[in-house]
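# Close look at the chain arrangement
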Amino acid sequence: MPSLHRHNNDAPWSWQDYLSWPDEERWEIIGGKAFAMSPAPSTKHQTIALRLSAHLLQQLSGKPCQPFIAPTDVKLSEQDVVQPDIFVVCDPAKITPSHIDGAPEVVIEVLSPATSSRDLREKKALYEKSGVREYVVVDPLENYAIRFLLTDDGFDKGTVFASDEFLVFERLDGLNVPLWEVFELPPPEHAVAGLR
């Protein structure tokens with residue numbers, strides 16, 4: 001636990017508190033509770049995040065939606081500030097010089113052992129409540145992704161995408177990313193056959 005001190009330990013942490021915290025420490029606030037973003041992600045985590053964001057950057061070039069990578073602050077409310085691994089914002093009014101103000105269209109979290117349960121529970125609930133339209137979690141150990149789409153009743157049950165499939169982003173007009181490239185795996189037979 002880091003160096004966060006204050007007089008009233010029961011009060012929820014807020015955006016104003018967050019702005020005063022040391023730059024060298026990475027934090028998130030979910031429901032007014034502070035969570036340390038440590039240890040630093042593994043090299044495999046970062047490679048997957050980089051490959052996925054590169055695909056998004058290339059395919060969204062010249063379009064209104066813009067991808068971002070961590071560490072970029074996303075303020076979802078006064079008591080909810082997160083730094084998703086990758087996210088896409090389609091409303092330019094939400095982009096400020098210092099942070100994103102409001103829910104991104106799409107959020108992607110690459111799971112790591114230290115944070116996977118939070119990504120699948122607290123953060124998923126927060127993104128659902130905040131109006132994120134598409135939430136994707138990527139498992140770098142088992143090489144698959146799960147996509148949750150926001151409906152009128154909250155997130156759906158989720159769709160699993162295997163490493164030999166395209167990850168399809170419904171809220172980005174069906175933009176798709178070959179997961180085998182993201183995971184640095186050999187192309188599947190159907191992809192190789194398609195090139196012949």
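### Some details on the pairing of strand β4 (residues 74-77)
Relative to strand β5 (residues 80-82), β4 is paired through three bridges, and the arrangement is antiparallel. Residue pairing across strands places K75 opposite V81, the latter belonging to β5. Once β4 ends, the chain turns through two residues before running back antiparallel as β5. Bridge count for β4 against strand β7 (residues 100-101) is two bridges, and the pairing is parallel. Within β7, the position partnered with V74 by the bridge is I100.

### Here's the deal with the nonpolar core
Counting 23 residues, the largest nonpolar core has L56, I108, V138, F169 and L172 as its most contacted members. Here the element with the most residues in this core is helix α2 (residues 43-60); it accounts for five residues. Discounting residues that sit within four places of it in the chain, F169 has contacts with L56, V106, I108, E134, V136, G174, L175 and V177. Of all hydrophobic cores here, the second largest spans 20 residues; its members include F35, V89, A103 and V132.

### Description of helix α4 (residues 122-130)
One full turn of an α-helix is made of 3.6 residues, so residues set three or four places apart face in the same direction. Residues of α4 that are buried include every one of K123, L126 and Y127, and no others. Burial along α4 is one-sided: seen end-on, the buried residues are contained in an arc of 95°. Just beyond α4, the residue with positive phi is G131, at close to 95°.

### Some points on unusual backbone geometry
Cis geometry marks the peptide bond from A70 to P71, where omega comes out at 0°. Residue placement: P71 occurs in the loop between β3 (66-69) and β4. The backbone phi angle of N143 is positive, close to 60°, even though this residue is not glycine. Residue class for N143 comes out buried when judged on its relative accessible area of 17%.

### Some details on the packing of aromatic side chains
Using the criterion set out here, one finds ten aromatic pairs in the structure. Both rings, one in F166 and one in W180, keep their centres 5.1 Å apart while their planes meet at 75°; by these two values the pair is edge-to-face. Here the residue F166 occupies a position in strand β13 (residues 166-169), and W180 occupies one in helix α5 (residues 179-182), the gap between them amounting to 14 residues. Linked through ring pairs, W13, W15, Y18, W21 and W27 together constitute an aromatic cluster.

### Observations concerning the side chain of E28
Considering the arrangement of structural elements, one finds E28 in strand β1 (residues 27-30). Under the relative-accessibility criterion, E28 is labelled buried at 1%. A polar contact of 2.9 Å, which involves the side chain of E28, links it to the side chain of K123. If sequence neighbours within four positions are ignored, E28 has contacts with K33, A34, F35, M37, V81, V82, Q83, P84, R118 and K123.

### Regarding the pattern of salt bridges
Under the defined criterion, the tally for this structure stands at nine salt bridges. Linking K123 and E109 is a salt bridge whose minimum nitrogen-to-oxygen distance equals 2.8 Å. Remark: E109 occurs in strand β8 (residues 106-110) and K123 occurs in helix α4; sequence separation between them is 14 residues. Both residues of the pair, K123 and E109, count as buried. Where D119 meets K123, a salt bridge forms, and the shortest distance between an N and an O atom there is 3.7 Å.

### Some points on α2
Relative to the 26 Å expected for 18 residues at 1.5 Å per residue, α2 spans 25 Å between its end C-alpha atoms, a close match to the ideal helical length. Turning to α2, its buried residues are H45, I48, A49, L52, S53, H55, L56 and L60. The arc that holds every buried residue of α2, seen down its axis, measures 150°, which confines them to one face. Opposite its buried face, α2 presents the exposed residues T43, L50, L57 and Q58, each directed more than 90 degrees away. G62 sits one or two positions beyond α2 and adopts a positive phi of about 80°.

What counts, and where the lines are drawn
Residues numbered from 1 in each chain as written. Predicted model: local features only at pLDDT ≥ 70, side-chain atom pairs only at ≥ 80, totals over all residues. Heavy atoms only, no water. Pairing = 2+ DSSP bridges. Helix = DSSP H or I, 4+ residues; strand = E, 2+ residues; numbered from the N terminus. Core = buried A, V, L, I, M, F, W, Y, C linked by side-chain atoms within 4.5 Å. Buried < 20%, exposed > 50% of the residue type's maximum accessible area, 1.4 Å probe, protein only. Contact = heavy atoms within 4.5 Å. Arc of directions from axis to C-beta. Phe/Tyr/Trp six-rings, centres within 6.5 Å; stacked < 30°, edge-to-face > 60°. Polar contact = N/O pair within 3.5 Å; in protein donor to acceptor, adjacent residues only side chain to side chain. Salt bridge = Lys/Arg side-chain N within 4 Å of Asp/Glu carboxyl O. Expected span 1.5 Å × (residues − 1).

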